[in-house]
Structures are given as C-alpha cells and as structure tokens.
Amino acid sequence: MPEGSILDVEGLGIRFGGLHAVRDVTTRLPAGRITAIIGPNGAGKSTFFNLISGFYQPTSGRIRFQGEDITRLKAHQVVGRGVARTFQTTTIYKELSVLDNAMIGHRVRTRAGLWDALLRTGRERRDEAESRDGAMRALERVGLAGQAGRPAGALTQEGQKRVGIAMALSSDPRLLLLDEPAAGMNPEETVNLMGLIRELVSEGLTVALVEHKMSLVMGLADEIVVLHHGQKIAQGTPGAVSRDPAVIEAYLGGHAHGGQMGQPGAAGAGAGEGAHA
Ligand SMILES: Nc1ncnc2c1ncn2[C@@H]1O[C@H](COP(=O)(O)OP(=O)(O)OP(=O)(O)O)[C@@H](O)[C@H]1O
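Residues numbered from 1 in each chain as written. Predicted model: local features only at pLDDT ≥ 70, side-chain atom pairs only at ≥ 80, totals over all residues.

(A) The arrangement of the overall build of the protein in detail. Of regular secondary structure, the protein possesses eleven helices and ten strands. Contacts in the protein between residues far apart in sequence, at least 24 positions, make up 69% of those at least 6 positions apart. (Helix = DSSP H or I, 4+ residues; strand = E, 2+ residues; numbered from the N terminus. Contact = placed C-beta atoms within 7 Å.)

(B) Summary view of the domain arrangement of the protein. When the domains of the protein are assigned, the result is domain 1 (1-82 + 173-257) and domain 2 (89-170). At the junction of the two partners, domain 1 supplies 13 residues and domain 2 supplies ten residues. Among the secondary structure elements, those contributing two or more residues to the side of domain 1 that touches domain 2 are α2 (75-81) and α8 (187-202). For the side of domain 1 that touches domain 2, the element with the most residues is α8, which contributes five residues. (Domains from an automatic or database assignment.)

(C) Here's a closer look at the site of the ligand. Close to the ligand lie Phe-16, Leu-19, Ala-21, Gly-39, Asn-41, Gly-42, Ala-43, Gly-44, Lys-45, Ser-46 and Thr-47, which account for all nearby residues. When contributions to the shell around the ligand are tallied by element, the ones reaching two or more residues are β2 (19-30) and α1 (45-52). By residue class, the composition of the shell around the ligand is four nonpolar, six polar and one charged. (Near = placed C-beta within 6 Å. Nonpolar A, V, L, I, M, F, W, Y, C, P; charged D, E, K, R; others polar.)

(D) Quick peek at the sheet that holds strand β4 (residues 60-65). The sheet built from four strands is open, its strands ordered β2-β1-β4-β5 with antiparallel pairing. With partners counted over all chains shown, the strands left at the sheet margins are β2 and β5 (68-69), one partner each. Both strand β1 (residues 5-16) and β4 contribute to a ladder of five bridges, which runs antiparallel. Paired with Asp-8 across the strands is Arg-64, a residue of β4. Where α1 meets the sheet, its contacts fall on β1, β2 and β4, and the angle it forms with β2 comes to roughly 65°. (Pairing = 2+ DSSP bridges. Axes fitted to C-alpha atoms, helices over the stretch in contact; angles between N-to-C directions.)

(E) Geometry of the nonpolar core. Ala-102, Leu-139, Ala-166, Leu-176, Val-217 and Val-226 are the most contacted members of the largest nonpolar core, which has 71 residues in total. Here the element with the most residues in this core is helix α7 (residues 157-169); it accounts for six residues. Mapping this core onto the domain boundaries places at least three of its residues in each of domain 1 (1-82 + 173-257) and domain 2 (89-170). Sequence-distant contacts of Ala-102, defined by excluding residues within four places in its chain, comprise Ala-135, Ala-138, Leu-139, Ala-166, Met-167 and Ser-170. (Core = buried A, V, L, I, M, F, W, Y, C linked by C-beta atoms within 7 Å. Buried ≥ 20, exposed ≤ 12 C-beta atoms within 10 Å, placed from the backbone.)

(F) Spotlight on the sheet that holds strand β8 (residues 206-210). The strand order across the open sheet formed by six strands is β6-β7-β8-β3-β9-β10, and the pairing between neighbours is mixed. Taken across any chain shown, the strands that pair with only one partner, and hence form the sheet edges, are β6 (83-85) and β10 (231-236). With direction set aside, neighbouring strand axes in the sheet form an average angle of 20°. Pairing between strand β9 (residues 223-228) and β10: five bridges, direction antiparallel. Residue His-228 lies in a different strand from β10, and its bridge partner there is Gln-231.

(G) Just the environment of Gly-146, in detail. Among the structural elements, Gly-146 can be located in the loop between α6 (128-141) and α7. Since 10 C-beta atoms lie within 10 Å of it, Gly-146 is described here as exposed.

(H) Region of the structure containing the confidence of the model for the protein. Averaged over all residues, the pLDDT of the protein is 85; the fraction at 70 or higher stands at 82%. Taken together, the stretch residues 254-260 has pLDDT below 50 and engages in twelve contacts with residues farther than four places along the chain or on a different chain. Long-range and interchain partners of residues 262-277, a stretch whose pLDDT sits below 50, account for 42 contacts in this model, where long-range means more than four residues apart. ipTM for the predicted complex: 0.96, alongside a pTM of 0.85. (pLDDT = per-residue confidence, 0-100.)

(I) Up close: unusual backbone geometry. A positive phi angle is found at Asp-24, which is not glycine, with a value near 50°. With respect to the helices, strands and loops of the structure, Asp-24 is situated in strand β2. Its 14 C-beta neighbours within 10 Å are what place Asp-24 among the partly exposed residues. Phi is positive for His-229, close to 50°, though the residue is something other than glycine. Relative to the assigned elements, His-229 resides in the loop between β9 and β10. The exposure class of His-229 is partly exposed, given the 17 C-beta atoms found within 10 Å.

Laid out in structure tokens, this is it:
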C-alpha cells in the first residue's frame, strides 16, 4: 500500500451487460484528506461509490482499505471495516426524531436490518443502548445534539442533510463517502456544509465526495479524481486538474451540469449552482 493512503483501488471495473460503467480504474485516496470524484453525467461516479461500499460487486480489479482486501465484502461488512456513505437522495425518516434517524443509521449500517430497526425486534432492543450512544456522538459531530428530540422533517434542508451525514457517522467510519452532499442547497448552506466537512476531516476522518457543484469541489478538495466514460482521465490538485486538457475536453464535449470547471477558491460563489433550496 502506498504510504499515506487509506483506500487503494487497482484496475477496478464493472460491466452492466455491454456497458462498462467503470473501467480499469486505479487510484488511491490519501488518508485524512478530502478527495472529490468528478466527471460528466453518466461518467461512473455513483457506480464507483457503489463498488467501494460493497453495494456492487466488481467484475474486475481489487479494493484495499487500510491494507485489507475488501473487494468481495458485502455492504454491511464494508461498513463494519470503517467505510460509510450517504446517498444522492436524502434517505431520512422525516416523521421520526433526529435521534431515531441517527439510531436507525447505526443499526441498519451495522448488525440489524431495516425491518429489525423499524419493528423493534428483540435483537434490535439489545442493541439500543449502544446505538443511542453512537447516534448521540454522531449528532454532536454534526452540531445537532440540541435538536435530537425534534422530528427530522421539521429541520431546514441543511439540517436534514446533517441528519443524513449523522446516519453515516453513527457507525464511526474512518472513510466517509458523500454522494452529492450539496444537491439542493443554496450557496450559504453549501458554505456551511463545507465547514462541517472540514471540521470532520480535522478530527481525523477521510472524506471522498461525488459532487457537481464546482464551487464546493474547488474550494474543498485536496485532490480530485476525474472520471469520463467510466475511466479515470486525471487525478491531482484542483489547480492541476482544472488546467488539464483532457479534463477540459471531457467537460466541454460532454456538456455536464454547469458545463465548465470552476476556479480554485471560488467557494460558494457559483451562480446557477443550485441557488434554490
Ligand atoms: N445498476 C445498473 N444497471 C445498469 N446500468 C447502470 C447501473 N448503474 C449505473 N448504470 C449505468 O452506468 C453508467 C454510469 O452511471 P453512474 O450513475 O455511475 O454515473 P454518474 O457519473 O454517477 O452520473 P450522474 O452524474 O448523472 O449521477 C450510466 O450509463 C448508467 O446508466
């Protein structure tokens, strides 16, 4: 394993029938850093996350997390090793309390299944105290401990995003995968979210995120991996990647969301980048 990396991916690929959604991707995520996975629509970003988190089984390649081969592990086993994720669409239970959401996050991601969690089976009850502790710690980390008793649906859009992040954090991961965390957020909320992500990383977490909002990517990422047609076409600092001719070509040719690479440091300034909640 190269020094300083938490996740090492080698020749990773998956086919859906004739479509090679991810193809021969070799990359590493530096520990304690923020890596953004970007690329035009359909580039394979979500599929890449699904492979890393065990939701999909690759048809080729290898994934190592902290030196251990996790290629063939199932999603809940990957969570157990210390990799958690959020989803593109917020999957919180609006009628339940913020704490209940975080607790469900803990149980669904570790031992009991969704039905155990919702129906409160015996096994689920035994796990309750442990889940409550894990959930409260996660809520503290995202700044929601004071709102634990409120229905999640009563929170702002930003608050609800934080609940989603707390659900992932409740399993106490080393690597957090965020799938479009800023989707649907206004510029102010986006800046707040960036602050939260920075804070989590300063506490020792490693973050990888898929995001279309270039202001967030350029203002936050230490490193960027660019996918195009399932293949990695570039990896480097935001500055280097935004000057890379292959990347510019992929974005201009592909006409992805927003179309072009932003400027480093333009955090939260992106006009037209989801300025509606
Ligand atoms: N389960 C699946 N079965 C068949 N095809 C799939 C499946 N999942 C993804 N694909 C296809 O794989 C390709 C990559 O999709 P993916 O969602 O990973 O792209 P993406 O970069 O995340 O796109 P976007 O930015 O639009 O979210 C697409 O052509 C998609 O239709």
